[in-house]
Structure formats: structure tokens, C-alpha cells
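One-letter residues, chain by chain:
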Amino acid sequence: VLAVPVLFKQALENTTTEEGKSVSLRCELTKADATVVWKKGEATLQASAKYEMKQKGTVAELVIHNAEPEDA
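All residue numbers refer to position in the chain's written sequence, counted from 1. In keeping with the model being predicted, local features are shown solely for residues with a pLDDT of at least 70 and side-chain atom pairs are shown and tallied solely at 80 or more, while totals for entire chains, interfaces and linings include all residues. To obtain the side-chain values, all non-hydrogen atoms of the structure were included, while hydrogens and water were left out.

Q: Lay out the overall build of the protein chain in plain terms, naming residues and giving numbers.
A: Each helix and strand in the protein chain was counted, giving zero helices and six strands. Starting at the N terminus and walking to the C terminus, you meet the elements of the protein chain as β-β-β-β-β-β. The principal-axis extent of the C-alpha atoms belonging to the protein chain is close to 45 × 20 × 20 Å. With a 1.4 Å probe rolled over the protein chains alone, any residue whose accessible area is under 20% of its type maximum counts as buried; one over 50% counts as exposed, and the rest are partly exposed. In the protein chain, which comprises 72 residues, the share counted as buried stands at 22%. Any two residues whose heavy atoms approach within 4.5 Å at even a single point are treated as in contact. Counting only contacts in the protein chain whose residues sit at least 6 apart along the sequence, the fraction spanning at least 24 positions is 45%. The charge count treats Lys and Arg as positive and Asp and Glu as negative. His and the chain ends do not count. For charged residues, the charge sits on one atom: NZ in Lys, CZ in Arg, CG in Asp, CD in Glu. In the protein chain, 9 side chains carry a positive charge and 11 a negative one; their mean positions are 7 Å apart. In this description a helix means any DSSP run of H or I spanning at least four residues, a strand means any run of E spanning at least two, and both kinds are numbered starting from the N terminus.

Q: Go over the UniProt feature "domain: Ig-like" (unreviewed entry) in the protein chain, please, and point to the residues and values.
A: Within this numbering scheme, the UniProt entry marks residues 5-72 as carrying the feature "domain: Ig-like" (unreviewed entry). The span residues 5-72 carries 0% helix and 38% strand; its end-to-end C-alpha distance comes to 29 Å. UniProt positions are given in the numbering used here, feature names are shortened, and annotations may be inferred rather than shown by experiment.

Q: Please set out the sheet that holds strand β6 (residues 59-64) residue by residue, giving values where relevant.
A: Two strands make a pair as long as DSSP finds a minimum of two bridges between them. Strand order across the open sheet formed by four strands is β1-β2-β6-β5, with antiparallel pairing between neighbours. Where the open sheet ends on each side, the last strands, each with one partner, are β1 (8-10) and β5 (51-56). If you compare each strand with its neighbour and ignore which way they point, the axes differ by 30 degrees on average. Bridge count for β1 against strand β2 (residues 23-29) is two bridges, and the pairing is antiparallel. Looking across to β2, one finds that phenylalanine 8 is bridged to leucine 29. In this analysis, axes come from line fits to C-alpha atoms, helices being fitted only over the stretch in contact, and the angle between any two N-to-C directions falls in the range 0 to 180 degrees.

Q: Please set out the nonpolar core residue by residue, giving values where relevant.
A: The term nonpolar core refers to a set of buried residues drawn from Ala, Val, Leu, Ile, Met, Phe, Trp, Tyr and Cys, joined through side-chain atoms within 4.5 Å. Formed by Val23, Leu25, Cys27, Leu29, Ala34, Trp38, Leu45, Tyr51, Ala60, Leu62 and Ile64, the largest nonpolar core amounts to 11 residues. Contributing elements (two or more residues each) for this core: β2 and β6. Of all the elements, β2 adds the most residues to this core, at four residues.

Below, the structure written as C-alpha cells:
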């Protein structure tokens with residue numbers, strides 16, 4: 001059985017926000033409920049008070065709370 005690869009239907013787009021506000025990054029995948037790992041550079045982000053990961057069907061979302069310049 002060949003596994004169909006999961007691809008981006010809608011890739012991430014650059015988003016801006018004010019320092020101290022929340023910002024949402026989202027992408028859409030070709031397969032519902034695929035495993036999504038969010039990274040900043042080589043570091044894998046973990047769910048915390050700062051990083052909130054959501055996934056519903058084919059849409060994956062990362063919310064960064066209290067955004068700071070180093071979150072760029």
C-alpha cells in the first residue's frame with residue numbers, strides 16, 4: 001500500500017502584529033488530522049502559555065501569545 005504524502009494546500013504566510021499582542025499562523029494540508037510539528041529554526045515548539053497549537057481537519061494553527069521581536 002502506497003502512502004499518499006501530506007502536502008500544503010495553503011502554505012504559511014508572513015504575518016505581523018504589535019509587540020505584546022497575539023498572532024496566529026495557519027496552514028492548510030491535503031490530509032485531515034496529519035501530524036504537524038511547529039518549529040522555529042531547528043527548535044521544535046512545545047505547547048505552553050506562549051505557544052498554542054490547534055488543528056481542525058486540514059487546518060493547522062499556531063497562536064503565539066505576547067509576541068516579542070525574538071518571535072520573528
